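So you can see what is in the structure, the chains are spelled out below.
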Amino acid sequence: MAVQFRLFPDLLRLRQPASIRAAFWSNRASEQGPSHSHTPSHTSWGAPLVWGGSEASQRQRVEFSQRSFRVGLMVLAVGRYVHYLSRFLQSAEQHFLTGTPVNYYILTDNPNKLVPPPELGEGRDLRVVPVTEIPGWEHLARRRMDLLASTIDNQAQQEVDYVFCADVDQEFLNPVGTEILGKLVASLHPEYYDVPVPNLPYERSSESRACVLDEEGDHYYTSELYGGLCSEVLALTKVCSQLILQDRAMGVEAQRLEESYLNRYLVDKRPTRVLSPEYSWWDSPVAPKVPQKRVVSLGRQCASLRSHGKSSMFC
């Protein structure tokens, strides 16, 4: 059964079959240097594939050092996920866009966790956005896109130029600089990096608004970290929220929840900048080796550990 999108018909349009599109990765020469000579530097549609140590990333950092802008980093910390907030903020202060003005938007049902407020560097500010308690991970995943869209619409877009949405159960381990900035930015899922399109875990049920047809798709992106210009991220979160609501009204739910809707959106509106698995990584038998682990998902890492190993990971 064909999937029809009644809302946003111009945005959510079906693309040409994968069999007649460009190759999986661009054949352009990589700029990663001698040790990464076989690492792709672009997607098949020409978007940069970002590796922090590349010459292209260095050039962008130099270029952005001449510009004036502010970046928002937005997380939802509710219920048991408040447990990760302090570590997230501490690591972000150490590694996320150091030297750049940043607003942290903390959507939380427990504002007392931020009293007293954490020490932040010069030009770094904290915005606490109270939300009602959201019990259960599934309920959280259903509501997050709507909460993000509301916060961007009502506050962030008046204060910052770029905004990144992140899972709070992550830790920044190495520098994440202005090489990540772009119009619409998505992070490759480390467990599906370089996996052929037919094997990607898109939502396949034709009953769901997140459905991706067999002849569609390019890459599979993680919901751990994505962003871009405020206007672009606002559009993304609003569309995904609408699709989730439409599915809920029909008693339908995508298997991978919000990540499925994110990927549906990015099939139709390809990102202009794609972050390599350096920016969303966790220890997995199928995760690729990367030059540097810049952002690590503690939550997904914890899910793969036995109980005796969880304490060392702050699970």
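You'll find the structure just up there.
Residues numbered from 1 in each chain as written. Predicted model: local features only at pLDDT ≥ 70, side-chain atom pairs only at ≥ 80, totals over all residues. Heavy atoms only, no water.

Here we look at the overall build of the chain
Part 1 of the reasoning: Within the chain, the secondary structure is distributed over seven helices and ten strands.
Part 2 of the reasoning: A buried classification covers 54% of the 315 residues belonging to the chain.
Part 3 of the reasoning: Sequence separation of at least 24 residues holds for 74% of the intrachain contacts in the chain that already meet a minimum separation of 6.
Part 4 of the reasoning: Only carbon and sulfur atoms are counted for the fraction: they give 49% of the accessible area of the chain, which is about 14,400 Å². (Helix = DSSP H or I, 4+ residues; strand = E, 2+ residues; numbered from the N terminus. Buried < 20%, exposed > 50% of the residue type's maximum accessible area, 1.4 Å probe, protein only. Contact = heavy atoms within 4.5 Å. Areas by Shrake-Rupley, 256 points an atom, 1.4 Å probe, with all protein chains shown as cover.)

Digging into the pairing of strand 3 (residues 102–108)
Each regular strand carries side chains that alternate between the two faces of the sheet.
Part 1 of the reasoning: Counted residue by residue, strand 3 has seven buried out of seven residues, so it is predominantly covered.
Part 2 of the reasoning: Of the strand pairs in this sheet, strand 2 (residues 71–77) and strand 3 are connected by seven bridges, and their pairing is parallel. Looking across to strand 3, one finds that M74 is bridged to Y105.
Part 3 of the reasoning: Assessed by its sense of winding, the connection that carries the chain from strand 2 through helix 2 (residues 85–95) to strand 3 is right-handed.
Part 4 of the reasoning: Relative to strand 4 (residues 124–130), strand 3 runs parallel, the two being bridged by seven bridges. (Pairing = 2+ DSSP bridges. Right-handed = clockwise from strand over helix to strand, strands pointing away.)

A word on the environment of D153
Part 1 of the reasoning: Note that D153 resides in helix 3 (residues 137–154).
Part 2 of the reasoning: Sequence-wise, D153 and A235 are 82 residues apart; in three dimensions their C-alpha atoms are separated by 9.7 Å.
Part 3 of the reasoning: For D153, the contacting residues outside a window of four places in its chain are Q158, L234 and K238.

Examining the pairing of strand 5 (residues 162–166)
Part 1 of the reasoning: A large share of strand 5 lies buried, amounting to five of its five residues.
Part 2 of the reasoning: Of the pairings in the sheet, the one linking strand 2 to strand 5 comprises five bridges and is parallel in character. Opposite M74, over in strand 5, you have C165 as the bridge partner.
Part 3 of the reasoning: Looking at chain direction, strand 5 and strand 8 (residues 221–229) are connected through five bridges and run antiparallel. Each bridged residue has a counterpart across the sheet, and for C165 the counterpart in strand 8 is Y226.

Digging into helix 4 (residues 230–249)
Part 1 of the reasoning: Given a rise of 1.5 Å per residue, 20 residues ought to cover 28 Å, and the 28 Å separating the end C-alpha atoms of helix 4 matches this to within 8%.
Part 2 of the reasoning: Once helix 4 ends, the next one or two residues include G251, with phi positive near 70°. (Expected span 1.5 Å × (residues − 1).)

Structural notes on the sheet that holds strand 5
Part 1 of the reasoning: Read from one edge to the other, the open sheet built from eight strands follows the order 1-9-7-8-5-2-3-4, with strand pairing classed as mixed. If you trace the sheet from one side to the other, it starts and ends with strand 1 (49–50) and strand 4, each paired once.
Part 2 of the reasoning: Helix-sheet contacts for helix 4 involve strand 5, strand 7 (184–188) and strand 8, and the interaxial angle to strand 8 is about 135°. (Axes fitted to C-alpha atoms, helices over the stretch in contact; angles between N-to-C directions.)

Note that all results are geometric; they support no functional claim without further evidence.
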